[in-house]
Amino acid sequence: MNQRRASKPLRIGGVTVGGGAPVLVQSMTKTDTRNVTATVNQIHELEEYGCEIVRVAVPDEEAAQALASIKRRVRIPIIADVHFDYRLALAALRAGVDGLRLNPGNISEPEQVAAVVEAAKPRGVPIRIGVNAGSLPRSVNTQAPIAERMVEAALEQIHLLEDLDFDLIKVSLKAFDVPTTVEAYQIIARKVPYPLHLGITEAGLPKTGVVRSTLGIGILLYLGIGDTIRVSLTAHPREEVVAAHEILKGLNLRQRGPTLISCPTCGRCEVDLVSLAMAVEERLAKLDKPIKVAVMGCVVNGPGEARYADVGIACGRGRGALFRRGEVVRTVEEKDFLEGLMGEVEQFLCSARR
Ligand code: SF4
C-alpha cells in the first residue's frame, strides 16, 4: 500500500482532517433538515455507528435556521450542504456550522463566493469544494475528458478562494464512474495540498453501491489518497457508515468496532448459518471495540480456518464449539449458539479492558 499523501491539516469542529490524521468517516442525513428532532435523532444514531462528520442538506432558509438548534444538540461536526443560493451558506455560517460544502457547478460567481469566504474566514470554518461530474460549471473545457473537467472546475474555485487569502479548503471530485473518479483524484492530488474527501456519487442500492464505493474509495486509499470518506447509498445512512468503516478495516487503516468473519458454507454445513451470522452482525453493530468474531459452518474445519479470529463458533448438527484463536474452549447446544458466542465476545472485551 502506498504511503499516505501528505495533505494540509484542517480543523473541522472538534476533529482534524488531513495532515496524517486518521481517515474519517462521513455521512449525510436523509431527514428533512427543517425537522430538528428527526435530524438530531438521525445524527445521534449515525454517531453511534461511527460517523465522525455529518453533512446536512440546506435547501432553504428555514433549513438554514434549523441548523442552530441541531448544532446545539449534537457533538460531531456539521457540514452545511449548499447549492445554488450562496445566501444559504451565509445563513448556515450564522447558525454556527462547522463546515460548508459548495458545488462550483452552481455557486461560482466570484462576488458570491467572496461573500461566503468573507463570512467563513473569521469563523475559521472550512469550505469543501464539492465537484460533481453531473453538475460541472459551464466555464470548463467541454472537449476535455470528464476527469480533467472535474479537476478544472475544482481548480477554478480553489484559485478563487486562494486569491481571497483563504486556505481552509477540502476538495471532492465525485462521479458515478469509478475509473473517472480515481483518475480525477489522482490528478488533483498532485496539484494541490488540500485534504481530499472521497466518494462515488449516486453509487446505488447497498448491494451494488457498496461494491462501487469500495472499488473507488478503496483504490484511492490504497494509493495513499484520501482524508475523509463517504459511501453514498440509496439506503439508511447507517449503512453508509458501516460500509465506510469496513473499507477502512479492510485496508487496515482503522479498526473501529468488530470484524465479522463468516464462512461461505459448503456441503459440510448442517445449520442455518446465514441467519446466525446475520444475528451476530446485528448484535455486534454498535460495539466500537476492535474484535474479530468468526461464525463458521462446521466443527471439523471451522476453528482452524478462522484461527486468526479472537473468538468464534464452529457449528455442528445440534452442538457448536466456541473457540478462541483457533482453540476450542467449550461447546454449546444449537439453541444457545448466539448467546454463547456473544458471551465469549463480552468476556474477551472485559479481559482486554483489564
Ligand atoms: Fe465448509 Fe466448514 Fe469451511 Fe464452512 S468452515 S466453508 S462449512 S468446510
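Not measured: the values here are computed from a predicted model.

Enquirer: Any chance you could explain the domain arrangement of the chain here in plain terms?
Expert: Many descriptions give the size of an interface as the accessible area lost when the pieces come together. Examined at the domain level, the chain breaks down into domain 1 (10–250) and domain 2 (259–353). Spacing between the C-alpha centres of domain 1 and domain 2 amounts to 38 Å.

Enquirer: It is not clear to me how a nonpolar patch on the surface should be interpreted in this structure. Could you clarify?
Expert: Side chains of Val-211, Leu-215 and Ile-219 sit close together on the surface and give an oily, nonpolar patch of about 240 Å² of accessible area. Counting through the fold element by element, Ile-219 comes out in helix α7 (residues 206–222).

Enquirer: How should the layout of surface pockets be read in this particular structure?
Expert: Which parts of space are left empty comes out when a probe the size of a water molecule is rolled across the atoms. What the largest pocket holds in volume is close to 750 Å³. In terms of lining, the largest pocket is formed by 24 residues, of which the most central are Val-242, Ala-243, Glu-246, Glu-281 and Ala-285. Elements with a contribution of two residues or more to the lining of the largest pocket: α7, α8 (237–250), β11 (259–262) and α9 (273–284). Of all the elements, α8 adds the most residues to the lining of the largest pocket, at 8 residues. Residue composition of the lining of the largest pocket, grouped by class: 13 nonpolar, 4 polar and 7 charged. Per-domain counts for the lining of the largest pocket show at least three residues from each of domain 1 (10–250) and domain 2 (259–353). A volume near 280 Å³ is recorded for the second largest pocket. What lines the second largest pocket is a set of 19 residues, among which Met-28, Arg-55, Thr-201, Arg-230 and Ser-232 lie closest to the centre. For the lining of the second largest pocket, the residue count by class is 3 nonpolar, 7 polar and 9 charged.

Cut-off values and rules
- Residues numbered from 1 in each chain as written.
- Predicted model: local features only at pLDDT ≥ 70, side-chain atom pairs only at ≥ 80, totals over all residues.
- Heavy atoms only, no water.
- Domains from an automatic or database assignment.
- Patch = residues over 30% accessible without salt bridge, like charges linked within 9 Å, V, L, I, M, F, W, Y side chains within 5 Å.
- Areas by Shrake-Rupley, 256 points an atom, 1.4 Å probe, with all protein chains shown as cover.
- Salt bridge = Lys/Arg side-chain N within 4 Å of Asp/Glu carboxyl O.
- Helix = DSSP H or I, 4+ residues; strand = E, 2+ residues; numbered from the N terminus.
- 1 Å grid on protein atoms, 1.4 Å probe; cavity = no way out; pocket = protein on both sides within 12 Å on 5 of 7 lines; lining within 4 Å.
- Points joined across faces, edges and corners; volume = space filled by probe spheres on them.
- Nonpolar A, V, L, I, M, F, W, Y, C, P; charged D, E, K, R; others polar.

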